Amino acid sequence: MAASGGRASSAPLVGRDNEPTIFELSRPGRASWQLPTTKVPETPLEALVAPEHRRAAPVDVAEVSERDLVGHFTRLSHRQYSVDLGAYPLGSCTMKYNPKVCDAVAALPGLASVHPAAPAALAQGWLATLVALEAALCELAGMAAATLQPAAGAAGELTGLLLMRAHDEARGERRRRVIIPDSAHGTNPASVTLGGYETTTVRSDERGLVDLEALRAVLDTDVAGMMLTNPNTLGLFEEDIAEIARCVHEVGGLMYYDGANLNAILGVVRPGDMGFDIVHLNLHKTFATPHGGGGPGAGPVAVAEHLVEFLPGPRPVRLDSEDGEARYGWHTPERSIGRVHGWHGNALVLARALAYIEVHGADGLHKVAERAVLNANWIRERLSSTFDVAFDRPCMHEVVFSAAALHKRTGASAHDVAKGLIEEGFHPPTVAFPLIVEDALMVEPTETESYETLVALAEALERVAARAQEGTLEGSPRTTPVRRVDEARAARTLVATFDARR
Ligand SMILES: *Cc1c(COP(=O)(O)O)cnc(C)c1O
């Protein structure tokens, strides 16, 4: 059926650095499992599938023994770098260690085995979980209510922009513009466009913060709102946030908070108190769900009182009951923008987030923020003589260095530094973002790493900078199965299937 001969016979079958594809390992007739013969009479295919939908030939699947199957995927898994393996200082994406207790909670049969279509009467525990999470997130964000449906930060942004539109339309207006700063995450302008608005960009000033004069110059009654991340993507707190919010509200616009990375402010300051009306939170960055590699996420959107009536539905709610016992059900707000996700979002991600919040408590969440900020500032201070700090002032949960001077001096770019760090056993920081910093190296050590790990990371980056000086970074990484991948070519000429007959 599947691959045999050809490339398969010439490829070595084992070896970490030359792992064949599962199809090259395939040999006709091999199998990992045998199913017992069934006593249930087989329904003829003809009775089940219309002729035009039947395959002409069997599916081309790999045939491998269980031993080869497990070996193949285990070898591949050892090529991965993960949050469980070591520090992952990828700025803006908050790749931090996730406590295992959250996985244990998400695996409880009472949560994991409930069918999403189960009637409310049979899913009271789940509904109570969702209601409790919504309350906790609203408390942390300083908001009135939230939808838990959006499956990612970007999906939350789009939901937020649709809420902005609903708010516009309800007051009989059709505003066209949304303002975002030039330091914004790339998803912000993309969401603005998807939401049917045009982006107006405001520049950052020499502090790395929104330029108030530039903002005032673009504000008028055509502005539906402003999207802002605070701390911004330079890791800096927007000190003028109260004045920014006042100016946007003055022209009738809404303030949207991109809360993808909340670890710097958890339990310390709330977006609602800063003047925001809409907030999305990335549970997979701040509240313990392993992400990266396209893993499941959740981007709940919380809103202030005046936007609750537009929230997506159905929403989990606590019902009034006469006997005082807690009962839960579903409710769709009158002017709801409708569903933004099938069922109720990525439910087990939601369960993990509630576990994370409950295990930490208010006190623990506050400490998360303190530790995140302390660790980033320690890294900033320690490495400030090795790389230039883009905006030299105390940072929040992440710090942006510039390798521009190093680049001029040695020819080694931020990209080369990142490749060199892989050899040192660390995941690289974010490079080339934010766009307004030349040769950006964006480091987020996160709150979960110990002092010893921070020292090891700093020493590794110092060694890499020394190698740049020597001019030996070009060949890095020398320790990985592949070295410098041509990412652009890989993305443009993507080969997503394996054809054994080629
Ligand atoms: C990660 C991130 C997003 C997008 O979140 P996704 O879950 O990847 O869609 C938006 N804004 C900021 C600042 C982010 O860091």
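This section reports on the structure supplied with the text. Quick caveat, the model's predicted, so the values are computed rather than measured.

### Quick word on the side chain of Ser-476
Relative to the helices and strands, Ser-476 resides in the loop between α16 (451–470) and α17 (487–492). For Ser-476, a relative accessible area of 0% gives the class buried. Those residues in contact with Ser-476, other than ones at most four positions away along the chain, are Lys-419, Gly-420, Glu-423, Arg-467 and Arg-484.

### What to know about the pattern of salt bridges
For side chains of opposite charge, pairing can occur when their charged atoms come near one another. This structure, assessed with the given rule, holds 33 salt bridges. With its nearest N and O atoms 3.2 Å apart, the salt bridge here joins Arg-171 to Asp-168. Salt bridges sharing partners connect three or more residues here, namely Glu-213, Arg-216, Glu-243, Arg-246 and Glu-250.

### Notes on the packing of aromatic side chains
How two aromatic rings sit relative to each other is given by the distance of their centres and the angle of their planes. Applying the stated criterion across every chain yields a total of 5 aromatic pairs. Geometrically, the ring pair formed by Tyr-257 and Phe-276 is edge-to-face, given 4.8 Å between the ring centres and 75° between the ring planes. Of this pair, Tyr-257 sits in strand β5 (residues 254–259) while Phe-276 sits in the loop between α11 (271–274) and β6 (278–281), placing them 19 residues apart in sequence. Like Phe-276, Tyr-257 is buried. With centroids separated by 6.1 Å and ring planes inclined at 90°, the aromatic side chains of Phe-287 and Tyr-356 adopt a geometry described as edge-to-face. On the criterion of sequence distance, the pair formed by Phe-287 in the loop between α12 (283–286) and β7 (301–303) and Tyr-356 in helix α13 (residues 347–383) is long-range, its members being 69 residues apart. Here the two residues Phe-287 and Tyr-356 agree in accessibility, since each one is buried. When the ring centre of Tyr-197 is taken as origin, the NZ or CZ atom of Arg-174, which lies over that ring, is 5.4 Å away.

Conventions used here
Residues numbered from 1 in each chain as written. Predicted model: local features only at pLDDT ≥ 70, side-chain atom pairs only at ≥ 80, totals over all residues. Heavy atoms only, no water. Helix = DSSP H or I, 4+ residues; strand = E, 2+ residues; numbered from the N terminus. Buried < 20%, exposed > 50% of the residue type's maximum accessible area, 1.4 Å probe, protein only. Contact = heavy atoms within 4.5 Å. Salt bridge = Lys/Arg side-chain N within 4 Å of Asp/Glu carboxyl O. Phe/Tyr/Trp six-rings, centres within 6.5 Å; stacked < 30°, edge-to-face > 60°. Lys NZ or Arg CZ within 6 Å of the ring centre and 35° of its normal.

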